[in-house]
Amino acid sequence: LLLVSRTQPLYSNEFLDTRFRSSEMKEHINECENFISTLNSNIRKNNLIIRLHAKKYGWDEFNRFKSLYSKIKIDNGETKITNLLLDSKVCVFTYNATGYLETLASNIPTIIFWKPEENLLREDAKYYLNILKKNKIFFDDPKLASEHINSIWKNVDQWWWNENTQEAVNVFCKKYSKMNKNKVKQIKKILIGKND
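We now turn to the structure provided with this report. (Residues numbered from 1 in each chain as written. Predicted model: local features only at pLDDT ≥ 70, side-chain atom pairs only at ≥ 80, totals over all residues. Heavy atoms only, no water.)

Overview of the packing of helix 6 (residues 123–134) against helix 9 (residues 163–176)
The description of two packed helices rests on the angle between their axes and on the distance between the axes.
Part 1 of the reasoning: Following both chains from N to C, one finds helix 6 and helix 9 inclined at 155 degrees, their axes separated by 9 Å at the closest point. With respect to each other, helix 6 and helix 9 are oriented roughly antiparallel. Relative to helix 9, the crossing made by helix 6 is left-handed. Residues Asp124, Ala125, Tyr128, Ile131 and Leu132 of helix 6 lie in contact with helix 9, whose contacting residues are Ala168, Val171, Phe172, Lys175 and Tyr176.
Part 2 of the reasoning: Partitioned by chemical class, the residues of the contact of helix 6 with helix 9 number 8 nonpolar, no polar and 2 charged. (Axes fitted to C-alpha atoms, helices over the stretch in contact; angles between N-to-C directions. Helix = DSSP H or I, 4+ residues; strand = E, 2+ residues; numbered from the N terminus. Parallel < 35°, antiparallel > 145°, perpendicular 65-115°, else oblique. Left-handed = near helix turned anticlockwise from the far one by under 90°. Contact = heavy atoms within 4.5 Å. Nonpolar A, V, L, I, M, F, W, Y, C, P; charged D, E, K, R; others polar.)

Next comes the structure, spelled out in structure tokens:
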């Protein structure tokens, strides 16, 4: 089980319109701790790897997680994420970013949890997020995400390859992370103005 955590500078340093500020980082770490503590102890002790961001801003996430569970496995952002994903039964993304778009497009079992109110979302995006939520891919509560993992852990494939789950992934990916096998041709058409 790969848990991918985010980071944020200690002090706001950009003018981007985001609701996730440095002050929310403490809450993010608490949510990750809630997720971890709700996992079955067998999963937590034997299967969990926490992937920290390679950039370090002084939040001391490594020691915070180690103080919770001393034997927990933590990657400090040094291992290629693709290697960690290939070795994982399920990956969990804790923030709204490109990572889960890539894993969903690659059809890798993925769980997502973050608070919609901390992210600027268009109305149509909320519709697609609700499709993921209905099929237990997206959660706005880390404990519910963890409980879902506890319930599917022995047979992830039964959940992931279920017709409804796959339909939700396909609908979402068609809108936000479509795989394009002819992207070079498509880009060429766009650049020369002959796009269909």
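Here we look at the pattern of salt bridges
Part 1 of the reasoning: By the definition in use, this model includes 6 salt bridges.
Part 2 of the reasoning: The closest approach of N and O atoms between arginine 51 and aspartate 75, which form a salt bridge, is 3.3 Å. Placement of arginine 51 in strand 2 (residues 49–51) and of aspartate 75 in strand 3 (residues 73–75) is noted, with a sequence separation of 24 residues between them.
Part 3 of the reasoning: Across the pair arginine 122 and aspartate 124 runs a salt bridge, and its minimum N-O distance is 3.0 Å.
Part 4 of the reasoning: Classification of arginine 122 as exposed rests on a relative accessible area of 51%.
Part 5 of the reasoning: The class for aspartate 124 is partly exposed, based on a relative accessible area of 29%.
Part 6 of the reasoning: One connected set of salt bridges, linked through shared partners, spans Arg122, Asp124 and Lys175. (Salt bridge = Lys/Arg side-chain N within 4 Å of Asp/Glu carboxyl O. Buried < 20%, exposed > 50% of the residue type's maximum accessible area, 1.4 Å probe, protein only.)

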